[in-house]
Amino acid sequence: MTKEAFRLISPGGTESELPVRTGTVGPDVIDVGALYKEQGVFTFDPGFVATGSCESDITFIDGEKGLLMYRGYPVEQLAEHSSFIEVSYLLLNGELPTAEELDTFDHTIRTHTMLNEGMLNFFKGFRYDAHPMAMLSAVVGSMSAYYHDTMDVHNPEHRDIFAHRILAKLPTIAAAAYKLNIGQPFMYPRNDLDYTENFLQMLFSVPAEPYEIDPVSARAIDLLFILHADHEQNCSTSTVRMAGSSGANPYSAIAAGISALWGPAHGGANEAVLKMLEEIGDKSQITKYVAKAKDKNDPFRLMGFGHRVYKNFDPRATIIREMCHKVLKQLGRNDSPMFELALELEEIALKDDYFVEKKLYPNVDFYSGIIYRALGIPTSMFTVMFALGRSVGWTAHWLEMISDPQGRIARPRQLYQGPPQRDYVAIEKR
Ligand code: CMC
């Protein structure tokens, strides 16, 4: 559909017709690509608050309605009926698989889970207490040192191999990072297990005794992977796209995404929420911490609250909150003091004018840590769990970006505020 162009008239009277582009759903965008050529000005939008950085077919969010869809399917439906591996197929291929397609995809992922033994040696170089996110990004980046024979980004077969490889091997790398932290031997993957069961096995089993997978834990983790699988142009995904836009190999681009995810404003928030709840410690302290979060002179923020896009509620948080109730009950821990504290904090914050006016709601990270904790996953692994889920989203976006015939290197402009041109002054005259 063609829409009337946006007319922009500069103070000097130069007129530009800026085309308006329409998506299948969501707000239109004004194409400002010709603005500098026609008007000699750039647009300015730090943090990309009102800027679309690309066209995408993968994920849609309506922040006002609290709607999240992967390839058109609402996340609630996928959470109820699907599995992480099926959602991965959907994100990568655009359609839900037939039974046969799912079987083939599942088999491919299950049979590519092992790491080259040499890669396990990398872990020996890390300190025993290295943060698992540091190890994850380093080891994923170093995959490019192993697979340089299949890294031609213009070769569709190489791209396909990369997509399967990253999805299949990331859990093995993540589990090895944890095992190093606790001084236990690395556990090899078991291809008879599904994606999530295999991860739990590599995380929690030891060679000395049999390990029984708890189906409640496996389902809960699988669901959390689904909820984290993609979130359109968030910080880490945009980082993957940006790093990849230079033609850099995809392992490096994913390593860059993992690093971006680690920050507390993004995926690092789930770890930060647990630390915050531990610091608050008791319901009697909540008002003090809410006041700190509102204080402009205090850098403290309520972690797990607020979102750039969701201004009503985060649909993932709603599902996870419900899941928290269920999982804690099934594990016989429905009296979890941490969960009680989180519920009370949520209630107090949601009634507070500051949070109401700024439309700050609990986000995906507010409750996920409580479930991870109940399932025995250590706090330092929380953001790694996020990375495992998001790895498929990063991969789908990298594939979309690199296959776009109109793709160009991502290269923003700036508003320079430094000194204007000046001449070099000899050192004795300064
Ligand atoms: N506690 C207290 N005040 C807050 C919070 C919070 N958690 N979040 C935002 N605000 C205030 C902020 O101070 C600002 O106030 P003012 O307009 O008076 O300056 C206003 O709300 C808008 O915040 P902003 O930082 O400009 O909003 P943003 O869209 O740039 O940031 C955010 C979004 C998620 C980074 C931010 O809300 C935040 O830091 N939240 C805590 C960290 C967190 O939970 N992150 C996980 C995000 S969801 C998962 C993911 O994407 O990885």
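In short, a report on the structure. The residue count restarts for each chain, going from 1 along the sequence in the order it is written. Per-residue local features are limited, in this predicted model, to residues with pLDDT of at least 70; the limit for side-chain atom pairs, both in listing and counting, is 80 or more; totals at the level of whole chains, interfaces and linings are taken over all residues. Heavy atoms from the whole structure form the basis of all side-chain values; hydrogens and water molecules are not counted.

Some remarks on the pairing of strand 2 (residues 15-18)
Spelled out, the test is: Categorising residues by exposure relies on relative accessible area from a 1.4 Å probe, with only protein chains included: less than 20% of the type maximum marks a residue as buried, more than 50% marks it as exposed, and the intermediate range marks it as partly exposed. Secondary structure is summarised from DSSP: a helix means a run of H or I of at least four residues, a strand means a run of E of at least two, and numbering begins at the N terminus for each. When DSSP finds at least two bridges between two strands, those strands are taken to pair.
With burial as the criterion, only one face of strand 2 is covered, namely that bearing Ser16 and Leu18; the residues Glu15 and Glu17 on the opposite face remain uncovered. Alignment of strand 1 (residues 6-9) against strand 2, held across four bridges, turns out to be antiparallel. Bridging from a neighbouring strand, phenylalanine 6 pairs with leucine 18 of strand 2. Remark: five residues form the turn of the hairpin made by strand 1 and strand 2, two consecutive strands paired antiparallel; glycine 13 in that turn has positive phi of roughly 95°.

Looking at the site of the ligand
Using the following cut-off: Whether a residue is near a molecule or strand depends on its heavy atoms: if one lies within 4 Å, it is near. As used in this structure description, the phrase polar contact means that two N or O atoms lie within 3.5 Å; if the pair is within protein, one of them must be able to donate a hydrogen and the other to accept it, and residues adjacent in sequence are counted only when both atoms belong to side chains. Only the protein chains shown count as covering a residue, and every accessible area follows the Shrake-Rupley method with a 1.4 Å probe. Note on residue classes: Ala, Val, Leu, Ile, Met, Phe, Trp, Tyr, Cys and Pro are nonpolar, Asp, Glu, Lys and Arg are charged, and everything else, Gly too, is polar.
In the vicinity of the ligand there are 22 residues, among which His266, Leu302, Gly304, Arg308 and Lys358 approach most closely. Within the side chain of tyrosine 354, a nitrogen or oxygen atom sits 2.9 Å from a nitrogen atom of the ligand. Contact with the protein chains covers 75% of the free accessible surface of the ligand, which is 930 Å². Residue classes in the shell around the ligand are distributed as eleven nonpolar, six polar and five charged.

Here we look at the side chain of histidine 158
Inclusion rule: Contacts are assigned to residue pairs that have any heavy atoms within 4.5 Å of one another.
Here histidine 158 is to be found in helix 7 (residues 156-182). A residue is classified by how much of its surface remains accessible, and histidine 158, at 15% relative accessible area, is buried. What histidine 158 contacts, discounting residues up to four positions off in sequence, is Asp149, Thr150, Met151 and Asp152.

What about helix 14 (residues 315-330)?
As a reminder, the rule being used: Expected helix span is taken as 1.5 Å per residue step, with the number of steps being one fewer than the number of residues.
Under the 1.5 Å per step criterion, the end-to-end length of helix 14 is 23 Å for 16 residues, consistent within 8% with the ideal 22 Å. Among the residues of helix 14, Pro315, Arg316, Ala317, Ile319, Ile320, Met323, Cys324, Val327 and Leu328 are the ones counted as buried. Tucked into the core, helix 14 has its buried residues touching strand 6 (67-70), helix 2 (75-81), helix 9 (215-228), helix 15 (337-351), helix 17 (364-374) and helix 18 (382-403). Phi for glycine 332, located one or two positions after helix 14, is positive at around 70°.

A few points about the packing of aromatic side chains
Using the following cut-off: Here a pair means two rings of Phe, Tyr or Trp (six-membered ring of Trp) with centres within 6.5 Å. Their orientation is stacked below 30 degrees between planes, edge-to-face above 60, and tilted elsewhere. Our definition puts a charge over a ring when NZ of Lys or CZ of Arg is within 6 Å of the ring centre and also within 35 degrees of the ring normal.
For the structure shown, the criterion picks out 20 aromatic pairs. Put simply, the rings of Phe305, Phe339, Tyr354, Phe355, Phe366 and Tyr367 pair up and form one aromatic cluster. Here the basic side chain of arginine 165 rests over the ring of tyrosine 147, its NZ or CZ set 3.5 Å away from the ring centre. Directly above the ring of tyrosine 36 sits arginine 413, whose terminal nitrogen or CZ lies 6.0 Å from the centroid.

Describing the pattern of salt bridges
How we decide: By convention in these notes, a salt bridge is any Lys or Arg side-chain nitrogen within 4 Å of a carboxyl oxygen on Asp or Glu.
Within this structure, the stated rule accounts for 17 salt bridges. Notably, a salt bridge pairs lysine 3 with aspartate 28, separated by 2.6 Å at the nearest N-O pair. Taken together, the positions of lysine 3 in the segment before strand 1 and aspartate 28 in the loop between strand 3 (20-21) and strand 4 (29-30) put the pair 25 residues apart, joining distant regions of the chain. Judged by its relative accessible area of 31%, aspartate 28 falls in the partly exposed class. Among the salt bridges present, the one from glutamate 278 reaches arginine 373, with a minimum N-O distance of 2.9 Å. Remark: arginine 373 occurs in helix 17 and glutamate 278 occurs in helix 12 (residues 269-280); sequence separation between them is 95 residues.

Overview of the packing of helix 14 against helix 15
Two numbers describe a pair of packed helices, the interaxial angle and the distance between the axes. Selection criterion: Think of each axis as a best-fit line through the C-alpha atoms, taken over the contacting stretch in the case of a helix, with angles from 0 to 180 degrees between the N-to-C directions. Here roughly perpendicular refers to angles of 65 to 115 degrees, roughly parallel to angles under 35, roughly antiparallel to angles over 145, and oblique to all remaining angles. Note on convention: the crossing is left-handed when the near helix lies turned anticlockwise from the far helix by less than a right angle, right-handed when the turn is clockwise.
It is at 12 Å that the axes of helix 14 and helix 15 come closest, and there the two elements cross at 155°. The pairing of helix 14 with helix 15 is recorded here as roughly antiparallel in orientation. The element helix 14 and its partner helix 15 pack so that their crossing is left-handed. Touching Arg321, Cys324, His325 and Leu328 of helix 14 are Phe339, Leu343 and Glu346, all from helix 15. Across the contact of helix 14 with helix 15, the residue classes tally to four nonpolar, one polar and two charged.

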